[in-house]
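# Coordinate analysis (summary)
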Amino acid sequence: MKAFKKALAVLMVFAMVITTMTAFDVTSASAKVKSIKVAKKVTVSVGKTKTVKVKVKTTGKTSKKFTVKVSKKKIVKVTKKKGKIKIKGLKAGKVKITIKSKANKKKKKTIKVTVVEPDVTMDVKQVDSRIYTLKFSKPVKIAPTNVGVQIKRMKSGNYKQNVKVEDLSTPDNQTYTVVLGESINYYDGCMIKFTVTGVNKKAIVKEVETYFPDRIRSRDIIRRVNDNTIIDDHWDTEDYTASDAYGTVKSVSGVPSGLKYTFDKGRIKLKGTLGKTGIFTITFVIEDEKGTTFTLRIVYVSGNDHTLTVYCPKQTVGIYENNKYSFGGFSRIYIAGGSGSYTVKSYDNAGIFNGDPDQDSEGIYYWDYKTKTIGTKTGVFTVEDNNSSILKTTGKAVVETKKTILVKGKVTTNSGKPVYDATVRALPQADSEQSFTNYGYTDRDGNYELQVIPGTYDMYAVVNDIYSNVYGKKISANATQNFKINAFTVNIKSSNPDLNPKCFLSWEDKTTGDIFGFSDSLYLKAGSYDIVSSGTAVPGVKYDASAKFTVKGDMTVTATVNATPAPVTEIYEGTTAVTSQDEYTYFTFVPTSTAEYRFYSSDSTGDPLLRVYDENGKEIAYGDDDDNYDFNFTVDLTKGKTYYLRYYDYDGIGETMNLNIYYAS
């Protein structure tokens with residue numbers, strides 16, 4: 001009996017264990033996982049990642065955790081974090097991702113994932129006014145019919161003008177060259193839109209601005225009037241924007257009560273009378289088509305029979321590094337009122353002004369200055385009316401000098417050869433009348449130097465309309481900036497030994513009308529050329545030259561030249577009596593010292609003009625003064641080098657003058 005009871009007890013314990021286990025399984029199977037919500041389909045590009053939310057809906061304390069299973073791990077990589085999964089495309093294909101609840105494995109969802117190659121992207125760059133490059137992220141096949149081009153003149157306008165694609169070519173199906181059927185002028189500042197179809201499901205659209213190298217600048221326009229003068233002035237905004245396109249007036253201030261301002265179809269108008277004396281500055285803030293603003297100031301200097309009004313704008317100039325070079329210039333004085341005949345004298349020399357100001361025109365005087373001093377200098381002057389002992393006043397001429405810093409570098413071609421006589425400019429991004437638009441030219445070794453005030457600049461080097469650009473260069477200390485021009489060097493030899501090709505004038509392409517550089521080296525893009533040059537070259541040789549060739553790289557061509565040598569007179573330092581001959585009269589001059597020389601005419605019977613060329617035929621200076629029929633200028637010359645002078649007289653052949661060449665003091 002005891003054995004039976006013992007066996008029964010064991011059996012009951014075993015039954016309780018089985019019952020407990022069975023009850024546990026039932027609880028697991030009936031866990032309250034209501035649903036799993038997840039996207040049914042997902043598309044992701046190769047190399048891209050897409051995040052998908054996984055929402056497991058449960059009741060009570062049932063776990064919301066889930067598992068992830070990928071059918072093809074070579075196509076996607078999946079990472080799990082909290083209630084999300086990240087799907088990264090590895091290669092094109094299709095895959096299934098299964099999401100299961102950990103609390104109830106019967107609850108699951110499947111995501112169908114498609115991995116596709118990414119859309120092709122496109123970059124557009126302007127080469128010149130008709131040529132653009134389209135660079136795609138991968139090779140594609142397109143035809144001219146796949147490329148649509150539209151332009152708009154106003155940045156805020158609409159694309160309504162279509163441009164024909166004249167030619168489309170590519171060496172590798174990845175970079176295409178587009179030639180447009182018409183030029184989009186650099187200076188227009190237009191917006192141009194390229195639309196390419198047949199590559200992606202959706203068209204690729206890219207907008208670019210046509211490039212122009214100038215920067216609009218703030219400026220002053222100064223008018224001298226009497227207080228009772230009827231004013232009827234107008235200015236067309238397109239004349240003052242760098243893009244030569246329509247500008248809009250964003251704001252205006254300072255309009256006196258006697259004047260009325262209107263703006264109609266790109267024209268600013270001012271009408272009325274001032275009714276009082278003084279200096280009145282009207283400020284217009286103008287925005288051009290590129291969305292760039294600048295300031296146009298109209299300054300009225302108003303006087304009357306009983307009042308003299310004087311105005312002398314402040315001048316801001318740069319002084320070269322370490323005060324190595326002085327900066328010269330002039331400061332204008334505007335006088336209104338009285339009889340119109342004045343005497344202007346300085347009685348407080350600021351240390352930079354050279355004596356009394358000279359008369360530029362009636363009521364306008366200018367004051368020459370030259371300085372190596374950093375800072376602000378103020379010259380005080382008096383104005384007296386020559387026909388009234390009562391009308392007198394004083395004024396101030398202020399010159400502010402700032403220290404500049406050196407930017408230098410080298411300009412080379414595709415093959416690394418130096419580019420001679422390329423122009424390099426630094427254009428300040430900030431719009432200010434005190435900003436400097438500095439420029440320089442490269443020497444025979446391709447080197448240049450220019451001076452700038454610290455700031456942020458857009459820089460470019462250009463030769464034959466071929467540009468190399470650098471944008472947003474911050475210059476706070478001496479800097480180096482090199483440029484590479486997309487061009488080849490074409491050296492030109494002369495078939496005629498009587499004419500050194502270094503003295504050729506400019507070359508013109510007979511087919512396109514394009515004008516290229518002078519001398520014996522041209523920098524040209526790849527292509528075919530048929531060039532001619534003719535005229536009278538220094539030192540007085542009349543010639544005609546031509547050459548036809550195709551540029552694929554650096555090369556030398558021989559130009560067919562017919563030349564007629566002309567006699568050239570050598571002159572020396574001092575004074576030489578000369579008479580104008582033929583159209584031009586040529587001289588050679590060899591300085592005995594490396595110095596600054598002054599060239600000026602005296603005792604002239606006509607209106608002479610003198611140009612100075614270096615040994616390579618490049619013009620380095622000229623003098624022409626229409627006001628007093630004489631010229632007076634200085635130029636730095638090097639001892640022992642030969643310089644060419646070309647003399648021309650507006651009044652005709654047979655006019656005489658004394659040509660004076662001395663060291664500049």
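The text that follows walks through the structure, step by step, so that each part is easy to find. (Residues numbered from 1 in each chain as written. Predicted model: local features only at pLDDT ≥ 70, side-chain atom pairs only at ≥ 80, totals over all residues. Heavy atoms only, no water.)

## Some words on unusual backbone geometry
- Phi at N173 is positive, roughly 65°, even though this residue is not glycine.
- Secondary-structure assignment places N173 in the loop between β14 (165–169) and β15 (175–180).
- Even without being glycine, D421 reaches a positive phi, approximately 65°.
- For D421, the position within the fold is in the loop between β33 (405–412) and β34 (423–428).
- Here D421 falls in the partly exposed class, since its relative accessible area comes to 21%. (Helix = DSSP H or I, 4+ residues; strand = E, 2+ residues; numbered from the N terminus. Buried < 20%, exposed > 50% of the residue type's maximum accessible area, 1.4 Å probe, protein only.)

## A short note on the nonpolar core
- V411, V424, Y448, V452, M459 and I475 are the most contacted members of the largest nonpolar core, which has 23 residues in total.
- Breaking this core down by element, the ones donating at least two residues are β33, β34, β36 (447–452), β37 (455–463) and β38 (466–475).
- The next biggest cluster of nonpolar side chains, apart from the first, holds 22 residues, and it includes L134, V140, V149 and I204. (Core = buried A, V, L, I, M, F, W, Y, C linked by side-chain atoms within 4.5 Å.)

## Here's the deal with the side chain of N496
- Tracing the backbone shows N496 in the loop between β41 (488–494) and β42 (507–509).
- Under the relative-accessibility criterion, N496 is labelled buried at 13%.
- With residues near it in sequence (within four places) discarded, N496 still touches V561, N562 and A563. (Contact = heavy atoms within 4.5 Å.)

## Some thoughts on a positive patch on the surface
- A cluster of basic side chains, namely K32, K34, K37, K53, K55, K57, K64, K81, K82, K84 and K86, defines a positive patch on the protein surface.
- Of all elements in the fold, only β1 (33–37), β4 (55–58) and β7 (84–89) reach the threshold of two or more residues within the positive patch.
- Secondary-structure assignment places K32 in the loop between α1 (2–29) and β1.
- Residue classification places K32 among the exposed positions, given a relative accessible area of 57%. (Patch = residues over 30% accessible without salt bridge, like charges linked within 9 Å, V, L, I, M, F, W, Y side chains within 5 Å. Areas by Shrake-Rupley, 256 points an atom, 1.4 Å probe, with all protein chains shown as cover. Salt bridge = Lys/Arg side-chain N within 4 Å of Asp/Glu carboxyl O. Lys, Arg positive; Asp, Glu negative; His and termini not counted. Charge placed at Lys NZ, Arg CZ, Asp CG, Glu CD.)

## Re the pattern of salt bridges
- This model, assessed by the stated rule, comprises 10 salt bridges.
- The closest approach of N and O atoms between R267 and D236, which form a salt bridge, is 2.7 Å. Of this pair, R267 sits in strand β22 (residues 267–272) while D236 sits in strand β19 (residues 231–236); the two residues are 31 residues apart in sequence, bridging distant segments of the chain.
- On the basis of relative accessibility, which here comes to 17%, the residue D236 falls in the buried class.
- Put simply, R332 and D360 hold a salt bridge, and the shortest N to O gap is 2.8 Å. Residue R332 is found in strand β27 (residues 327–336), and its partner D360 is found in strand β29 (residues 358–361); the two are separated by 28 residues along the sequence.
- Among the residues examined, R332 registers a relative accessible area of 28% and is labelled partly exposed.
- You can call D360 partly exposed: its relative accessible area is 24%.

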